[in-house]
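# An overview of the molecular structure
In case you want the letters, here they are:
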Amino acid sequence: MGSPVPSGEGSPGASAATNTSPGLKAPTRRGTELVMLSFAAGLVTLALILVELNQERSLSLRILYLGLAYLGLFACAHLAVRRWAPYADPAILPCVALLNGLGLVVIHRIDLALEGTVFPDGSTWDPVAFKQVIWTGIGLLLFAATLKFLPDHRMLARFGYTFGLVGLVALLLPGVLPGFIAPTINGAKIWLRVGPLSIQPGEFAKILLMVFFAAFLVSKRDLFTVAGRRFLGMDLPRARDLGPLFAAWGVTVAVMVLQKDLGSSLLFFGIVLVLLYIATERAAWVVLGLGMFAGGAVVAWKLFTHVQQRVANWQDPIARYDVVGGGYQISQSLFALATGGIGGAGLGAGRPEMIPEANTDFITAVIGEELGFVGFAALLLVYMVFALRGLRGAIAVRDSFGKLLGGGLAFAVCFQVFIVVGGITKLIPMTGITAPFLSYGGSSLLANYILVALLLRISAAARAPQRIAKPKPQQPAIADQHTVMVERPK
């Protein structure tokens with residue numbers, strides 16, 4: 001049922017760009033990774049201390065527990081990379097550790113701000129920082145399992161169509177199930193409730209669908225590179241080749257309508273367009289795709305109330321400040337960013353309790369308030385370094401499937417950050433997508449750590465030294481062979 005593995009490539013060790021001299025061992029750069037992880041751990045520890053001190057309270061044992069758990073988890077992650085992906089990029093895991101650690105600090109900060117808060121229904125705030133540590137531990141278990149049981153990323157291509165079917169079902173399932181299984185939370189129907197646990201299948205669906213599209217585009221690349229008519233300097237694809245693009249557009253509109261989730265639909269369609277562009281190097285696919293998405297968004301805005309509400313909140317949130325489901329959230333986010341200014345109010349000195357959903361959808365607004373523009377820009381730079389190192393591994397790996405998959409995975413994180421930051425700054429309508437590695441939540445962390453493991457596996461294949469095959473002994477020519485007389489037995 002899956003598409004074949006791209007031919008023409010050797011083992012993962014053969015993906016390196018250069019040969020190594022016999023007897024010399026190529027550097028794995030794991031020591032560099034350990035130094036950067038130690039630096040990230042130091043920053044996170046200092047941030048935890050500053051949060052407690054700015055709350056005018058003595059240092060508590062919670063810092064010790066959080067700090068030790070953080071150190072232990074990423075020490076184990078480093079050992080897993082050292083054992084199962086020794087030639088992986090040394091900068092990817094430290095970037096993730098810093099982002100995850102900063103998210104843990106901010107979630108702990110919000111717990112302190114909301115401690116003892118009584119809500120209108122009579123419930124009190126339940127601290128979630130330690131729950132985030134547990135989710136991080138489970139995510140790193142999946143991370144290590146992916147590295148161990150996936151020795152070659154090209155194995156995924158064999159199950160491309162299977163992954164595509166499972167991903168499509170997972171993406172659309174919450175929109176068609178009844179409310180007691182798939183409840184509507186914060187206006188979006190993207191969750192599945194299984195007993196006491198809730199899971200967001202769309203987070204895993206994006207990875208499955210990226211594997212499918214990478215395998216599909218590798219096997220059908222010639223189909224998408226055939227040019228049709230030329231229009232405005234672009235070679236448009238033939239009409240009969242637009243089927244996959246229309247299918248992706250239809251799924252996007254279905255997600256927007258059934259699940260009331262603008263963010264997931266935008267993220268999914270953006271990933272499809274980027275994979276098409278990487279595979280074909282033709283801007284016409286991107287232009288056509290953006291035009292189709294814009295047309296679908298306009299139709300959805302005309303027909304569906306929830307889309308109209310999101311757009312109205314985006315256009316003038318202050319005018320809808322007191323309206324139920326109005327612009328209160330985005331207004332508070334803008335107030336927080338304005339309060340932070342250039343240098344920020346300081347860790348622990350802001351007012352995150354004034355921002356709804358501060359530890360999930362609006363955690364970047366809390367960071368902008370307490371760290372200011374400088375800290376917020378530094379956060380975006382860490383994301384940029386993560387994406388660039390992922391793209392570097394995708395460029396260096398030799399097989400086409402690895403290039404497409406690695407490029408799609410790195411772009412997905414970068415584009416998700418753009419959607420989140422664009423929403424809280426009123427650049428685009430608010431979507432409800434969470435910031436990767438920062439926001440509280442299990443589904444996002446689990447899926448993103450699988451994504452990181454895949455990026456490390458691809459970069460390991462790209463950076464591993466090329467194995468030089470031992471020369472086969474030369475057989476002497478037939479003319480040089482000695483003649484042996486054999487007597488017939490009597």
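Just so we're clear, the structure is a prediction, and the values are computed from it rather than from any experiment. (Residues numbered from 1 in each chain as written. Predicted model: local features only at pLDDT ≥ 70, side-chain atom pairs only at ≥ 80, totals over all residues. Heavy atoms only, no water.)

## Quick word on the overall build of the protein chain
Per the secondary structure count, the protein chain includes 15 helices and four strands. Within the protein chain, the fraction of its 490 residues that count as buried is 48%. Long-range contacts, defined here as pairs at least 24 residues apart, represent 75% of the contacts in the protein chain between residues at least 6 apart. Of the roughly 23,600 Å² of accessible surface on the protein chain, a fraction of 67% belongs to carbon and sulfur atoms. (Helix = DSSP H or I, 4+ residues; strand = E, 2+ residues; numbered from the N terminus. Buried < 20%, exposed > 50% of the residue type's maximum accessible area, 1.4 Å probe, protein only. Contact = heavy atoms within 4.5 Å. Areas by Shrake-Rupley, 256 points an atom, 1.4 Å probe, with all protein chains shown as cover.)

## Comments concerning the nonpolar core
The biggest cluster of nonpolar side chains holds 113 residues, and the ones touching the most others in it are Phe-143, Phe-386 and Leu-405. Here Phe-143 is in contact with Ala-77, Val-81, Leu-93, Tyr-449, Val-452, Ala-453 and Leu-456, once residues within four sequence places are set aside. (Core = buried A, V, L, I, M, F, W, Y, C linked by side-chain atoms within 4.5 Å.)

## Let's talk about the environment of Thr-32
With respect to the element layout, Thr-32 can be found in helix α1 (residues 30-54). Accessibility expressed as a relative area gives 30% for Thr-32, which makes it partly exposed. Note: C-alpha distance between Thr-32 and Pro-90 (58 residues apart in sequence) is 6.5 Å.

## Here's the deal with the pattern of salt bridges
One pass over the structure, following the stated rule, counts eight salt bridges. Here Asp-89 and Arg-389 are joined by a salt bridge, their closest N and O atoms 2.9 Å apart. With a gap of 300 residues between them, Asp-89 in the loop between α2 (61-84) and α3 (92-114) and Arg-389 in helix α13 (residues 363-396) connect regions that are remote in the sequence. One salt bridge in this structure joins Lys-131 and Asp-126, with 2.8 Å as the shortest N-O distance. (Salt bridge = Lys/Arg side-chain N within 4 Å of Asp/Glu carboxyl O.)

## Digging into the packing of aromatic side chains
Overall, the coordinates contain 14 aromatic pairs when judged by the stated rule. Seen from their ring centres, Tyr-70 and Phe-74 are 5.1 Å apart, and the 50° between their planes marks the pair as tilted. Note that Tyr-70 and Phe-74 are positioned in helix α2 at a spacing of four residues, about one turn of the helix. Per residue, the accessibility class of Tyr-70 equals that of Phe-74, and both read buried. With a centroid separation of 6.3 Å and an interplanar angle of 50°, the aromatic rings of Phe-159 and Phe-163 are classed as tilted. An aromatic cluster is built from Tyr-161, Phe-212, Phe-213, Phe-216 and Phe-268, whose rings are joined through pairwise contacts. The residue whose ring lies beneath Lys-148 is Phe-149, and the NZ or CZ to ring-centre distance is 5.6 Å. (Phe/Tyr/Trp six-rings, centres within 6.5 Å; stacked < 30°, edge-to-face > 60°. Lys NZ or Arg CZ within 6 Å of the ring centre and 35° of its normal.)

## Some remarks on helix α12 (residues 328-340)
Since the α-helix packs 3.6 residues into each turn, any two residues three or four apart lie on the same face. Here α12 contains 13 residues, and its C-alpha end-to-end distance of 18 Å stays within 8% of the 18 Å for a straight helix at 1.5 Å per residue. Of the residues making up α12, those classed as buried are Ile-330, Ser-331, Gln-332, Ser-333, Ala-336 and Gly-340. Gly-341, located one to two residues past α12, shows a positive phi value of around 60°. (Expected span 1.5 Å × (residues − 1).)

## Some words on a nonpolar patch on the surface
Judged by side-chain polarity, Leu-61, Leu-64, Tyr-65, Leu-68, Leu-71 and Phe-130 come together as a nonpolar surface patch covering roughly 590 Å² of accessible area. Counting residues per element, the nonpolar patch draws most heavily on α2, which supplies five residues. Considering the arrangement of structural elements, one finds Phe-130 in helix α4 (residues 129-149). (Patch = residues over 30% accessible without salt bridge, like charges linked within 9 Å, V, L, I, M, F, W, Y side chains within 5 Å.)

## Some remarks on the confidence of the model for the protein chain
Detailed reading of predicted coordinates is not advised where the pLDDT is low. With 84% of its residues at a pLDDT of 70 or more, the protein chain shows a mean pLDDT of 84. When the criterion is pLDDT under 50, residues 1-23 qualifies, and its contacts beyond four places in sequence or with other chains add up to 58 contacts. (pLDDT = per-residue confidence, 0-100.)

## Some words on unusual backbone geometry
For Arg-29, which is not glycine, the phi torsion reads 65° and is therefore positive. Positionally, Arg-29 belongs in the segment before α1. The backbone of Glu-357 sits at a positive phi, close to 55°, despite the residue not being glycine. Note on placement: Glu-357 falls in the loop between α12 and α13.

## Focus on the environment of Tyr-440
The residue Tyr-440 is located in the loop between α14 (400-424) and α15 (442-463) in this model. Expressed as a C-alpha distance, the spacing of Tyr-440 and Ile-363, which sit 77 residues apart in the sequence, is 8.6 Å. The residues contacting Tyr-440, other than those within four sequence positions of it, are Ile-107, Val-128, Lys-131, Gln-132, Trp-135, Asn-359 and Thr-360.

## What to know about the packing of α2 against α3
Direction vectors running N to C along α2 and α3 enclose 160°, while the axes themselves pass 11 Å from each other. On the basis of the axis angle, α2 is roughly antiparallel to α3. Of the two elements, α2 crosses α3, and the hand of that crossing is right-handed. Here Arg-62, Leu-66, Tyr-70, Phe-74, Ala-77, His-78 and Val-81 of α2 come into contact with α3, specifically with Leu-93, Ala-97, Leu-98, Asn-100, Gly-101, Leu-104, His-108 and Leu-112. Looking at the contact of α2 with α3 residue by residue, the class counts come to ten nonpolar, four polar and one charged. (Axes fitted to C-alpha atoms, helices over the stretch in contact; angles between N-to-C directions. Parallel < 35°, antiparallel > 145°, perpendicular 65-115°, else oblique. Left-handed = near helix turned anticlockwise from the far one by under 90°. Nonpolar A, V, L, I, M, F, W, Y, C, P; charged D, E, K, R; others polar.)

## Details of α3
For α3, with 23 residues, the first-to-last C-alpha span of 33 Å sits near the 33 Å given by 1.5 Å per residue. Burial analysis of α3 places 21 of its 23 residues in the buried class, which makes it a mostly covered element. Once α3 finishes, Gly-116 follows within two positions and takes phi at roughly 85°, a positive value.

## A closer look at the packing of α13 against α14
With their axes 8 Å apart at the nearest point, α13 and α14 run at an angle of 165° to one another. It follows that α13 is roughly antiparallel to α14 by the angle criterion. For α13 against α14, the interelement crossing comes out left-handed. Side by side, α13 and α14 meet where Thr-364, Ala-365, Phe-376, Leu-380, Tyr-383, Phe-386, Ala-387, Gly-390, Leu-391, Ala-394, Ile-395 and Ala-396 of the first sit next to Gly-402, Lys-403, Gly-406, Gly-407, Ala-410, Val-413, Cys-414, Val-417, Val-420, Val-421 and Ile-424 of the second. Counted by class, the contact of α13 with α14 contains 17 nonpolar, five polar and one charged residues.

## Quick word on the side chain of Glu-203
In this structure, Glu-203 sits in helix α6 (residues 201-219). Engagement of the side chain of Glu-203 in a polar contact is seen with the side chain of Lys-206, the distance being 3.3 Å. Glu-203 has contacts with Gln-416, Thr-434, Ser-443, Ser-444 and Ala-447, leaving out every residue within four places of it along the chain. (Polar contact = N/O pair within 3.5 Å; in protein donor to acceptor, adjacent residues only side chain to side chain.)

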